[in-house]
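# What the coordinates show
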Amino acid sequence: MQLTVWTYEGPPHVGAMRIATALEDVHYVLHAPQGDTYADLLFTMIERRAKRPPVTYTTFQARDLGGDTADLFKAAAREAFARFKPKAMLVGASCTAELIQDDPGGLAKALALPIPVVALELPSYQKKENWGASETFYRLVRALAGPHAPAPGTKRAARAPGVRARCNLLGPTALGFRHRDDVAEIVKLLDSIGIDVDIVAPLGATAADIARLGDADICVPLYPEIAGQAAAWLAKTFDQTLVRTVPIGVGATREFVAEIAAAAGLDASAILADMPTRAPWYSKSVDSNYLTGKRVFVFGDATHAIAAARIAARELGFTVVGLGTYSREFAREVREAAKLYGIEALITDDYLEVEAKVAELQPELVLGTQMERHIAKRQGVPCAVISAPVHVQDFPARYSPQMGFEGANVLFDTWVHPLMMGLEEHLLTMFRGDFEFHDGAGSSHLGAGKSHAPANVSAEKPAAAHDTPIVVAAPAAAASAPTAPIVPVWAADAEKELKKIPFFVRGKARRNTERFSVERGVAVITVETLYDAKAHFGR
């Protein structure tokens, strides 16, 4: 086990909380010591939910360890049933309570409650949050829908003529990144095709809804990390068609529409021809052309990271220089995706490794979690959040899906605007007196003597710490005494040539050239050095 300041996922019982909180009439009794009772903070503070999560804790203390903590659990379970009157109950232990081995499942069974009780065995020291959510949903689906399963090998009856196909959307949870808006967008999209959404689960579903998940014709796991296991079981057990495409991005949404329409026996050509999204046109517009080839680093849960890399490369013309995930259960899928871009996937749950990789690759845009937002800020790189874990600001009051055609619009805005703002800052600098137009400019439009900046500050670099000369120790040729750091000096002709480079990339050209010179031990930067560096970094 590794101690860390930040973590991408909580322990598996937090995943179980997300499932319970998403459901309407299911209660979770968690055997946990005082101090492990932080669910209210997660859901009411970060997600800003209007009601507290349906979780009851035993909250035993150190002095209780000398007595019978099993009795504390049984009393908590009885009281939770009497008070909340749930239609089903989840029982389990937190990572700390797991050590005392009280067996919450066996204790709950001994109570003989008149509702289904699903015992969760979530190994806190081997697995994490998303796995816990997936396992909880799978166990709940098997417990409630399993009794309604047909005999093995039974084929689904054909739909009557004129009856619309029905599908289930699986995977959206509480504390999920834009899950609420994704569901609304996909329900609207499916309705336009001619397919009804029967049940969305677990978000907003009841125990009775879970029990009849087998009634639908089609099964759609929107978030495979959460619903992949349950969806595969439902498809096999109830002879449902499993639609695997996740509709994030224009291309994937088109593929999703074609796949689910074929499963329902429908013609989706009209929907695909209309394609109500502005993202493809915007990405081809003049304003976006200068973004072509921008280096992007992608990190997040597997589903969103794979989708983001595809969108970045195929739909926005970026160059994917890094792709990774903290979802170790999906490492194979991410590695396969990385091969498409000629790179090696980064599989880690250590944010320090991610930060080191970002520093090494020097991307121009980072697409990641709230951790990558902090990393990018420290390195002065634009960033957009694409995946959990997220902060309160990523649960907006506005409608902001990631999936479907409208989701493609949202992604374009979210990813491109940070880069466009960089251009706007350069334009402001230019009109304040960039020496692209005249050297020594510093006076304001208000008149002489009302300068926005001191006269001795270059207009090209108003206060940019990033443009300071790079001082790096030159690599030693042999095991001799350490050499002094090299501070490259710009020759006059090289400075003049640098001014010919467009202002919005001039700072980057300066930094790259200085780094190139330091690495090669070049003390004086000439025009030849400048173009050698350009060729090196342009590869």
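First, a word on what this report is: a plain description of the structure on this page. The model shown is predicted, which means the values in this text are computed figures rather than measured ones.

If you tally the helices and strands in the protein chain, you get 20 helices and 15 strands. Residue pairs in contact within the protein chain that sit at least 24 positions apart in sequence constitute 72% of those at least 6 positions apart. When the accessible surface of the protein chain is split by element, carbon and sulfur atoms take 55% of a total near 25800 Å².

Mapped onto the secondary structure, Leu-72 falls in helix H3 (residues 69–84). Taking the C-alpha atoms as reference points, Leu-72 and Thr-58, separated by 14 residues in sequence, lie 6.2 Å from one another.

Let us look at the packing of aromatic side chains. Taken as a whole, this structure holds 4 aromatic pairs when the rule is applied. Summarising the aromatic geometry, the rings of Tyr-8 and Phe-299 are spaced 5.4 Å apart at their centres and angled 50° between planes, so their arrangement reads as tilted. With Tyr-8 in the segment before helix H1 (12–22) and Phe-299 in strand E9 (residues 295–300), the pair connects residues that are 291 residues apart, well separated along the chain. The exposure class assigned to Tyr-8 is buried, which follows from its relative accessible area of 5%.

Note that an α-helix has 3.6 residues per turn; residues three or four places apart therefore point the same way. For helix H2 (residues 39–46), the set of buried residues is Ala-39, Leu-42, Phe-43 and Ile-46. All buried residues of H2 project into a common sector of 105° when viewed along the axis, lining one side. Opposite the packed face of H2, turned more than 90 degrees from it, sit the exposed residues Leu-41 and Met-45. On its buried face, H2 is in contact with H1 and strand E2 (55–57). A positive backbone phi angle near 60° is found at Arg-48, which sits one or two residues after H2.

Tracing the sequence through the fold places Leu-170 in strand E5 (residues 165–170). When near neighbours in sequence (up to four residues on either side) are disregarded, Leu-170 contacts Phe-137, Ala-201, Leu-213, Cys-219, Val-220, Pro-221, Leu-222, Tyr-223, Ala-227, Ala-231 and Leu-234.

We now examine the nonpolar core. Most often, soluble globular proteins have nonpolar side chains that are buried together. Ranked by internal contacts, the top residues of the largest apolar core, which has 113 residues, are Ile-260 and Trp-415. When residues no more than four places from it in sequence are discounted, the contact partners of Ile-260 are Cys-167, Leu-190, Ile-193, Ile-195, Ile-218, Val-220 and Val-243. Listed in part, the 15 residues of the second largest apolar core include Tyr-8, Phe-297, Tyr-326 and Val-366.

On to the pairing of strand E3 (residues 88–93). A regular strand places its side chains so that they alternate between the two faces of the sheet. For E3, the tally of buried residues reaches 6 of 6 residues, placing the bulk of the element in the interior. Bridging between E3 and strand E4 (residues 117–119) involves 3 bridges; their strand directions are parallel. Bridge pairing in E4 links Val-91 to Ala-119.

Every second residue of strand E12 (residues 365–368) is oriented toward a common face, with Leu-365 and Leu-367 on one face and Val-366 and Gly-368 on the other, all of them buried. Here 3 bridges tie E9 to E12, and the two strands are oriented parallel to one another. Residue pairing for E12: Val-298 is matched across the bridge by Leu-367. In this region the chain leaves E12, passes through helix H16 (residues 370–379) and returns to the parallel neighbour strand E13 (residues 383–385); the handedness of that crossover is right-handed.

Along the polypeptide, Leu-361 turns up in helix H15 (residues 351–361). According to the relative accessible area criterion, Leu-361 is buried, its value standing at 16%. Along the backbone, Leu-361 and Val-321 are 40 residues apart, and their C-alpha atoms lie at a distance of 7.0 Å. The contacts of Leu-361, once residues within four sequence positions are left out, are Arg-295, Phe-297, Val-321 and Gly-322.

Another aspect to go through is the pattern of salt bridges. With the rule as written, the count across this model stands at 24 salt bridges. Residues Lys-74 and Asp-71 are paired through a salt bridge, measuring 3.6 Å at the closest nitrogen-oxygen approach. Residue Lys-74 and its partner Asp-71 are both found in helix H3; the two are separated by 3 residues, about one turn of the helix. In this structure Asp-71 comes out as partly exposed when scored by relative accessible area, which is 41%.

A separate point is a nonpolar patch on the surface. A surface patch of nonpolar side chains, about 280 Å² in accessible area, is lined by Leu-99, Ile-100 and Tyr-125. A relative accessible area of 58% means that Leu-99 is categorised as exposed.

Here the bond from Ala-201 into Pro-202 is cis, since omega is 5°, no more than 30 degrees from zero. Summarising the element assignment, Pro-202 is placed in the loop between strand E6 (195–201) and helix H7 (207–211). For the peptide bond that leads from Ala-388 to Pro-389, omega is 5°, which places it in the cis range. Tracing the sequence through the fold places Pro-389 in the loop between E13 and helix H17 (404–431). Located in the positive-phi region is Arg-178, a residue other than glycine, with phi close to 60°. Structurally, the position occupied by Arg-178 is in the loop between E5 and helix H6 (179–193). If you check the backbone angles, Gln-362 has positive phi at about 50° while not being a glycine. Tracing the sequence through the fold places Gln-362 in the loop between H15 and E12. For Gln-362, a relative accessible area of 33% corresponds to the partly exposed category.

Another point: the side chain of Ser-387. Note that Ser-387 resides in the loop between E13 and H17. Of note is the side chain of Ser-387, whose polar atom sits 2.9 Å from the backbone nitrogen of Asp-301. Not counting residues within four places of it along the chain, the set of residues in contact with Ser-387 comprises Phe-177, Gly-300, Asp-301, His-304, Tyr-326, Gly-368 and Thr-369.

Cut-offs and rules
- Residues numbered from 1 in each chain as written.
- Predicted model: local features only at pLDDT ≥ 70, side-chain atom pairs only at ≥ 80, totals over all residues.
- Heavy atoms only, no water.
- Helix = DSSP H or I, 4+ residues; strand = E, 2+ residues; numbered from the N terminus.
- Contact = heavy atoms within 4.5 Å.
- Areas by Shrake-Rupley, 256 points an atom, 1.4 Å probe, with all protein chains shown as cover.
- Phe/Tyr/Trp six-rings, centres within 6.5 Å; stacked < 30°, edge-to-face > 60°.
- Buried < 20%, exposed > 50% of the residue type's maximum accessible area, 1.4 Å probe, protein only.
- Arc of directions from axis to C-beta.
- Core = buried A, V, L, I, M, F, W, Y, C linked by side-chain atoms within 4.5 Å.
- Pairing = 2+ DSSP bridges.
- Right-handed = clockwise from strand over helix to strand, strands pointing away.
- Salt bridge = Lys/Arg side-chain N within 4 Å of Asp/Glu carboxyl O.
- Patch = residues over 30% accessible without salt bridge, like charges linked within 9 Å, V, L, I, M, F, W, Y side chains within 5 Å.
- Polar contact = N/O pair within 3.5 Å; in protein donor to acceptor, adjacent residues only side chain to side chain.

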